[in-house]
Amino acid sequence: MLTSIVGINWGDEGKGRMVDLLSQEYDIIIRYQGGNNAGHTVINDQGKFILNLLPSGILRETTVNIMGNGMVIDLAHLTGEIRKLREAGVVITPENLKISDKAAICLPYHVQQDVLEEERLGDAKFGSTKRGIGPVYGDKYMKKVLRMGDLLEPDTLPEKVEALVNWKNLMIEKGYGSEPVKPEEILTWLREQSSDLSRFICDVTSYLTDEIHKGKNLMFEAQLGALRDIDFGIFPYTSSSSTIAAYGPIGAGIPFAKLDNVIGIMKAYSSCVGEGPFTAEMFGEEASALREAGGEYGAATGRPRRVGPFDVVASRYGCMVQGADEIALTKLDVLSYMEKIPVCIAYEVDGIRTTEFLTGDRLNRAKPVIEYLEGFRQDISGCRKMEDLPAQAMDYIRYIEKTVGCKIRYVSVGPAREDYILMED
Ligand code: GDP
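Residues numbered from 1 in each chain as written. Predicted model: local features only at pLDDT ≥ 70, side-chain atom pairs only at ≥ 80, totals over all residues. Heavy atoms only, no water.

**Description of the overall build of the chain**
Within the chain, the regular secondary structure consists of 12 helices and 20 strands. Its C-alpha atoms give the chain a radius of gyration of 22 Å, near enough to 22 Å, the size a compact globule of 425 residues would have. With respect to the three principal axes, the spread of C-alpha positions in the chain is 65 × 50 × 40 Å. Per-residue burial for the chain yields a buried fraction of 58% across its 425 residues. Considering only residue pairs separated by 6 or more positions, the chain has 75% of its internal contacts joining residues 24 or more positions apart. Accessible area of the chain: about 17500 Å², with a carbon and sulfur share of 51%. Charge separation in the chain, taken as the distance between the mean sites of 48 positive and 62 negative side-chain charges, equals 1 Å. (Helix = DSSP H or I, 4+ residues; strand = E, 2+ residues; numbered from the N terminus. Rg over C-alpha atoms; globule rule 2.2 N^0.38 Å. Buried < 20%, exposed > 50% of the residue type's maximum accessible area, 1.4 Å probe, protein only. Contact = heavy atoms within 4.5 Å. Areas by Shrake-Rupley, 256 points an atom, 1.4 Å probe, with all protein chains shown as cover. Lys, Arg positive; Asp, Glu negative; His and termini not counted. Charge placed at Lys NZ, Arg CZ, Asp CG, Glu CD.)

**Some remarks on the nonpolar core**
Judged by nonpolar contacts, the single largest core of 41 residues is most densely connected at Met-266, Leu-329, Leu-332, Leu-335, Tyr-396, Ile-397 and Val-411. Those elements that provide at least two residues to this core are helix H9 (284-294), helix H10 (312-322), strand S15 (326-330), strand S16 (340-349), strand S18 (367-374), helix H12 (391-404) and strand S19 (408-412). Aside from chain neighbours lying at most four places away, what touches Leu-329 is Met-266, Lys-267, Ala-268, Ile-397, Ile-400, Ile-408, Tyr-410, Val-411 and Ser-412. If you look at the next biggest cluster of nonpolar residues, it comprises 39 residues, including Phe-49, Met-67, Ile-73 and Phe-200. (Core = buried A, V, L, I, M, F, W, Y, C linked by side-chain atoms within 4.5 Å.)

**A few points about the site of the ligand**
Neighbouring the ligand are 18 residues, the closest being Gly-14, Lys-15, Gly-16, Asp-333 and Ser-412. Asp-12 is positioned with one of its side-chain polar atoms (N or O) 3.3 Å from an oxygen atom of the ligand. Contact distances for the ligand include 3.0 Å between an oxygen atom and a side-chain N or O atom of Arg-305. Relative to its unbound accessible area of 590 Å², the ligand is 90% covered by the protein chains. Here the ligand is seated within the second largest pocket. Of all the elements in the fold, those that place two or more residues in the shell around the ligand are helix H1 (15-22) and strand S3 (40-44). (Near = heavy atom within 4 Å. Polar contact = N/O pair within 3.5 Å; in protein donor to acceptor, adjacent residues only side chain to side chain. 1 Å grid on protein atoms, 1.4 Å probe; cavity = no way out; pocket = protein on both sides within 12 Å on 5 of 7 lines; lining within 4 Å. Sits in = over half its atoms within 2 Å of the grid points.)

**Notes on the sheet that holds strand S7 (residues 97-100)**
Reading across the sheet, the 10 strands line up as S9-S7-S5-S2-S10-S1-S11-S15-S19-S20 and stay open at both edges, with mixed pairing between neighbours. The open sheet has two free edges, formed respectively by strand S9 (201-202) and strand S20 (420-422), since each of these has just one partner strand. Of the strand pairs in this sheet, S19 and S20 are connected by three bridges, and their pairing is antiparallel. Within S20, the residue paired with Val-411 across the bridge is Ile-421. (Pairing = 2+ DSSP bridges.)

**A closer look at H10**
One turn of the α-helix equals 3.6 residues, which is why residues spaced by three or four share an orientation. Burial analysis of H10 places nine of its 11 residues in the buried class, which makes it a mostly covered element. Of the residues one or two after H10, Gly-323 is the one with positive phi, at around 65 degrees.

**Some remarks on the layout of surface pockets**
Empty space within the largest pocket amounts to approximately 780 Å³. In this structure, the largest pocket is lined by 39 residues; those nearest its centre are Ser-128, Thr-129, Thr-238, Ser-239 and Ser-240. When residues of the lining of the largest pocket are traced back to their parent elements, those giving at least two are helix H3 (108-121) and helix H4 (133-141). No other element matches H4, which puts five residues into the lining of the largest pocket. (Points joined across faces, edges and corners; volume = space filled by probe spheres on them.)

**Here's the deal with the domain arrangement of the chain**
Along its sequence, the chain is carved into domain 1 (2-102 + 205-263), domain 2 (104-194) and domain 3 (266-422). In this structure, domain 2 and domain 3 have C-alpha centres spaced 37 Å apart. Each side of the interface is counted separately: domain 2 has six residues, and domain 3 has five residues. Roughly 390 Å² is buried in total at the junction of domain 2 and domain 3, and carbon and sulfur atoms are behind 43% of that figure. In terms of surface lost to domain 3, no three residues of domain 2 exceed Gly-127, Thr-129 and Arg-131, which account for 67% of the buried area on that side. Linking domain 2 with domain 3 are zero salt bridges, by the criterion used here. At the junction of domain 2 with domain 3, the criterion picks out zero residue pairs in polar contact (both at pLDDT 80 or more). Among the residues making up the side of domain 2 that touches domain 3, the classes are represented as one nonpolar, three polar and two charged. (Domains from an automatic or database assignment. Buried area = accessible area lost by both parts, 1.4 Å probe. Salt bridge = Lys/Arg side-chain N within 4 Å of Asp/Glu carboxyl O. Nonpolar A, V, L, I, M, F, W, Y, C, P; charged D, E, K, R; others polar.)

**Concerning the pattern of salt bridges**
Scanning all chains against the criterion turns up 26 salt bridges. For the salt bridge of Glu-211 with Lys-214, the shortest nitrogen-to-oxygen distance reads 2.7 Å. Given the relative accessible area of 57%, Lys-214 is considered exposed. Among the salt bridges present, the one from Asp-350 reaches Arg-365, with a minimum N-O distance of 2.9 Å. Linking Asp-350 in the loop between S16 and strand S17 (352-354) with Arg-365 in helix H11 (residues 360-365), this pair joins segments that are 15 residues apart in sequence. Bridged by salt links that share partners, the residues Glu-326, Arg-398, Glu-401, Lys-407, Arg-409 and Asp-425 form one connected network.

**Quick word on unusual backbone geometry**
Residue Phe-235 is joined to Pro-236 through a cis peptide bond whose omega torsion reads 5 degrees. As for its position among the elements, Pro-236 is in the loop between strand S10 (218-225) and helix H8 (248-252). With a phi close to 60 degrees, Lys-143 is a non-glycine residue in the positive phi region. By the element assignment, Lys-143 lies in the loop between H4 and helix H5 (157-172). Although it is not a glycine, Arg-377 adopts a positive phi angle of roughly 45 degrees. Assignment of secondary structure puts Arg-377 in the loop between S18 and H12. Judged by its relative accessible area of 43%, Arg-377 falls in the partly exposed class.

Structure, rendered in structure tokens:
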């Protein structure tokens, strides 16, 4: 069984906790894109964990975790993440963590370039997380990166680093007028950071191919959501990687594999980090109330997230591009305080109403068309069965299911592993 768990919206839908819950039935969990520019929060009996790079299955003893070739890996961040988990008692060995030798390494100068570019842009900035993700993906496609496998051939590194740094300084030093990058510093960084990591690096393609033939269950864990996909999202305010389920097998290292199931994670309202069009955005007190109720602050950066009502137009599009077979609707409990629940049911662009998700400048001009549903006005965090939910909450779920056109299989009503309802047909 090959399943992909992906975000339907702008990210931060609560994928981490759903992977943590659903990973019970899977032998191998694979991260296939992105870097440490987003975070998954998982709360279980061992504590609260924020995972930026490691797959969420790392918190389960019997699960093997893969970091695929589609990822970009900041070695210092990864070593820090492993150290923190080990301090909390999580066991991490080459048996339960395998890193693709083909994943690109995010170097300190990628972070530097990210910061320099956001500064240069000033008010026109993209709202980058400044973790070097855009620059390292750019360099990957220029074929000017180190890959994890290079760490296994340390003698070749001085020559490779020298060539890369000479090229990069054309931009950092001659372009931005910043201090030149020194090859020795990059080499020292690589040596220090790779000492513990080298033993995790391997050819994950052959490992996964064998495991698939043995009939193992694989789960692909996405970071961010459909609307942040480099091709299908709100370009250019997207991430630099493919967040779409169909990319999963490629970014994992098994491009021949076919997905059996795509589970879309969709939040009961909207949130969005950084710049870019966010049509249904709330402002002022209305926004503060929802942000506080949902704890909407970035897991990786602590930035307050922009928030808004559930957006039917964007979510239906998200389900479509992800090819979602079923949905986990998260954080429904957060809406308990609302008298009436706003929902964005259409956009209006240049005076014309549309239910199509738009891209480019038309999306920038779109205005939300809002409708209100009855609030449920009671704490639903203790509900564990459909029958426990108030009628208004069921109406809200069914309304969303109907409008986005995808079956809602799970509804989460709290952050802990067991805080969810399995929806019967
Ligand atoms: P991810 O990147 O998609 O995993 O999402 P984040 O980790 O950024 O955001 C999810 C946040 O919501 C975390 O703090 C979770 O603990 C929390 N969370 C997840 N599901 C629920 C839920 O059903 N109810 C509430 N109240 N919080 C939840």
